[in-house]
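Read off the chains here:
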Amino acid sequence: LTAVWLSTEGKVEVGAPTSLIWTLWSNFEDMPKWQPWLHSVETLEEEDGALTRWTLRKKVAGIPLSFSWIARELPPEHHKCIRWESVSGMNNRGRVDFQEGGGSESTVVTMTIEYEVPSVVSKLVRSGKGGYVDKKVQS
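Keep in mind it's a predicted model, so treat the numbers as computed, not measured. For every chain, the first residue of the written sequence is number 1, and numbering continues from 1 onward in sequence order. Where totals are concerned, whole chains, interfaces and linings use all residues; where local detail is concerned, this predicted model gives features only for residues with pLDDT of at least 70, and gives and counts side-chain atom pairs only at 80 or more. Neither water nor hydrogens contribute to the side-chain values; these are computed over all heavy atoms in the structure.

### A short note on the overall build of the chain
Per the convention used, a helix needs a DSSP run of H or I reaching at least four residues, while a strand needs a run of E reaching at least two, with both numbered from the N terminus. Regarding its fold elements, the chain presents four helices and seven strands. The N-to-C order of helical and strand elements in the chain reads β-α-α-β-β-β-β-β-β-α-α. For the chain, buried positions account for 39% of its 139 residues. We call two residues in contact when some of their heavy atoms are within 4.5 Å. Sequence-distant contacts in the chain: of pairs separated by 6 or more residues, those separated by 24 or more amount to 47%. In these tables, accessible area is a Shrake-Rupley quantity obtained with a 1.4 Å probe, and a residue counts as shielded only by the protein chains included in the view. Accessible surface, the chain as shown: approximately 8,200 Å² in total, 52% of it carbon and sulfur. The buried label goes to any residue with under 20% of its type's maximum accessible area, the exposed label to any with over 50%, and the partly exposed label to all in between, with areas taken from a 1.4 Å probe on protein chains only.

Structure representation (structure tokens):
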């Protein structure tokens, strides 16, 4: 079974201050409450608490898929950037950038994700290209 790396990016301006949006995004265990494509996020026991177990469940072309991975959070830039890379499970890496928008009560959120999937799945994902991450950043 061969695999390929895909990359996608989504960007949205949110009518809330950067400090609030940062708090929302940096609380990984609460993400499944507002990101429906995430089934669960669990912080693993480690001295610095930087490891998390993620489970994603999604139907693609009517086929239920489930992917899990353990990720290490890379050093964040407070109120500016959250970055991660997987250390086991589904290979992925990415970042979420936060910038003040048009006013002090507005934040531009940009999420970039790179992930490795079986080539057969990549064909399904690419057929729906044009905004999966963008739609999820906005929801």
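### Things to note about the side chain of Thr52
On the secondary structure map, Thr52 appears in strand 3 (residues 51-60). In the analysis that follows, any N or O atom pair within 3.5 Å is treated as a polar contact, provided that within protein one partner can donate a hydrogen and the other can accept it, and provided that, for residues neighboring in sequence, both atoms belong to side chains. Here Trp54 takes part through its side chain, which lies 2.6 Å from a polar atom of the side chain of Thr52. Setting aside anything within four residues of it in sequence, one finds Thr52 in contact with Phe28, Val41, Glu42, Thr43, Leu44, Trp69, Ile70 and Ala71.

### Side note on the nonpolar core
Counting residues in hydrophobic clusters, the biggest one holds 29 residues, and the most contacted among them are Trp25, Met31, Trp54, Val96, Phe98 and Val109. When residues of this core are assigned to their parent elements, the largest contribution, five residues, is made by strand 7 (residues 107-118). Leave out the neighbours within four places in its chain, and Trp25 touches Met31, Trp34, Gln35, Ile82, Val96, Phe98, Val109 and Met111. Among the buried residues, those of types Ala, Val, Leu, Ile, Met, Phe, Trp, Tyr and Cys that are joined through side-chain atoms within 4.5 Å form a nonpolar core.

### Here we look at the pattern of salt bridges
For salt bridges, the criterion is a side-chain nitrogen of Lys or Arg within 4 Å of an Asp or Glu carboxyl oxygen. Within this structure, the stated rule accounts for four salt bridges. Taking the shortest distance from any N to any O, the salt bridge between Lys33 and Asp30 comes out at 3.2 Å. Since its relative accessible area comes to 70%, Lys33 is described here as exposed. Between Arg53 and Glu42 there is a salt bridge, with its nearest N and O atoms 3.1 Å apart. Within this pair, whereas Arg53 is found in strand 3, its partner Glu42 is found in strand 2 (residues 38-43), the two being separated by 11 residues in sequence.

### Re the packing of aromatic side chains
By convention, a stacked pair of Phe, Tyr or Trp rings (six-membered ring in the case of Trp) has centres within 6.5 Å and planes under 30 degrees apart, an edge-to-face pair has planes over 60 apart, and any other such pair is tilted. The full count for this structure, using the stated rule, is four aromatic pairs. By way of ring pairs, the aromatic residues Phe28, Trp54 and Trp69 are connected into one cluster. Lysine and arginine charges are scored as sitting over a ring when NZ or CZ, respectively, is within 6 Å of the ring centre and within 35 degrees of the ring normal. Over the face of the ring belonging to Trp5 we find Arg93, whose NZ or CZ atom lies 4.1 Å from the ring centre.

### Describing the pairing of strand 6 (residues 92-100)
DSSP-based pairing: two strands are paired if at least 2 bridges between them are found. Both strand 5 (residues 81-89) and strand 6 contribute to a ladder of five bridges, which runs antiparallel. From the neighbouring strand, Arg83 faces strand 6, where its bridge partner is Arg95. The hairpin turn running from strand 5 into strand 6, its antiparallel successor, is two residues long. Sheet analysis places strand 6 next to strand 7, joined by nine bridges and oriented antiparallel. If you follow Phe98 over to strand 7, its bridge partner there is Val109. Between the antiparallel neighbours strand 6 and strand 7 lie six residues.

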